[in-house]
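Topology and contacts: notes
Residue-level listing of the chains:
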Amino acid sequence: MTLPSHNNSAALNKTAVVTGASTGIGEATVRALADAGWKVFAVARRADRLQALGTQTGAVPFAADITHDDDVAALLAAVTEAGGADTLINIAGGARGADTIANADSEDWDWMYKVNVLGTMKITRAFLPMLRKNGEGTVLNLTSTAALAAYEGGGGYNAAKFAQHAMTNALRLEEVGNNLRVIEVAPGLVYTEEFALNRLGDKEAAEKVYAGVEKPLTAQDVADVVKYAVSLPHHINLDHITVRPVAQAANHKLIRKEG
């Protein structure tokens, strides 16, 4: 597969809203798109990190919690005032806990559902009129291979990502008449500074997730796939992209080297 040559002049009229932009895949996606000449609104809760990212990349920082209706409305107003956007990239999400269902923590499940499902729904719902009006709008949802196969200790995250996966498929069916392109990118094992730490709450436990895996995916790897998918000519829809490291043949099949 030959990646498209990103002519900056061709991207000057492309504008993306990227959530989850303060860290990990979201941050890497902002950098990748900005480097390719896109105008990018970088959205996350941590204003200090967004300001630094904006200074480094030229992206427009906007501090917001996508689970809060007022924040979403303020973001929509700001993007509208700035001329609108043609692409919405929903990367905000995450996992908390690795308990079995018998020992499930209700607060962890509640948080995962709010961020991964309701947050994605709220911001997508808000931006749909803008994307429809554009005529060649794109929504890309970052899910996970956890949306494709359940695993022990992943029930809450599986449930949230399965729901986000289903929502993405429904959106594609509902909006095809509006020429809206809907893409899903489902990464496997990705090494980022915060994902496993936030999930497990302990640095040592987080490092064990990646122990012995020679080359897990990086945030930049996934950002490159996202950039490729949204940069293709609009009539090409990559409905679903599963991306894993070679060492991970399936959720349950991960090669670890000893030593």
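Residues numbered from 1 in each chain as written. Predicted model: local features only at pLDDT ≥ 70, side-chain atom pairs only at ≥ 80, totals over all residues. Heavy atoms only, no water.

**A look at empty space enclosed by the protein**
- Counted under the stated rule, the structure contains one cavity of 30 Å³ or more.
- One number sums up the size of the largest cavity: a volume of about 60 Å³.
- Looking at the largest cavity, it is lined by 15 residues, and the ones nearest its centre are Arg96, Gly97, Asp99, Trp109 and Met112.
- Mapped by element, the contributors of at least two residues to the lining of the largest cavity are helix 5 (106–134) and helix 6 (155–175).
- Its residues assigned to classes, the lining of the largest cavity shows five nonpolar, five polar and five charged. (1 Å grid on protein atoms, 1.4 Å probe; cavity = no way out; pocket = protein on both sides within 12 Å on 5 of 7 lines; lining within 4 Å. Points joined across faces, edges and corners; volume = space filled by probe spheres on them. Helix = DSSP H or I, 4+ residues; strand = E, 2+ residues; numbered from the N terminus. Nonpolar A, V, L, I, M, F, W, Y, C, P; charged D, E, K, R; others polar.)

**Considerations on the sheet that holds strand 4 (residues 87–90)**
- Here we have seven strands laid out as an open sheet, ordered 3-2-1-4-5-6-9, and parallel in their pairing. Edge positions in the sheet fall to strand 3 (60–63) and strand 9 (240–243), since each has one partner strand and no second. Sheet twist, expressed as the mean angle between neighbouring strand axes with direction ignored, is 15 degrees.
- Taken together, the four bridges between strand 6 (residues 181–187) and strand 9 define a ladder with parallel strand orientation. Of the residues in strand 9, the one forming a bridge with Val185 is Ile241. (Pairing = 2+ DSSP bridges. Axes fitted to C-alpha atoms, helices over the stretch in contact; angles between N-to-C directions.)

**Quick notes on the packing of aromatic side chains**
- Applying the stated criterion across every chain, the model contains zero aromatic pairs.
- Taking the ring centre of Trp111 as reference, the NZ or CZ of Arg96 above it sits at 4.0 Å. (Phe/Tyr/Trp six-rings, centres within 6.5 Å; stacked < 30°, edge-to-face > 60°. Lys NZ or Arg CZ within 6 Å of the ring centre and 35° of its normal.)

**Some points on the nonpolar core**
- Ile89 and Val185 are the most contacted members of the largest nonpolar core, which has 33 residues in total.
- Contributing elements (two or more residues each) for this core: strand 1 (15–19), helix 2 (24–35), strand 2 (39–44), helix 3 (47–57), strand 5 (138–142), strand 6, helix 9 (219–231) and strand 9.
- Apart from the residues lying within four places of it in its own chain, the contact partners of Ile89 are Ala16, Val17, Val18, Thr19, Thr29, Leu33, Leu140, Val226 and Val230.
- Within the second largest apolar cluster, 22 residues are counted, among which are Val43, Ile66, Leu128 and Val182. (Core = buried A, V, L, I, M, F, W, Y, C linked by side-chain atoms within 4.5 Å. Buried < 20%, exposed > 50% of the residue type's maximum accessible area, 1.4 Å probe, protein only. Contact = heavy atoms within 4.5 Å.)

Geometry only, nothing functional implied.
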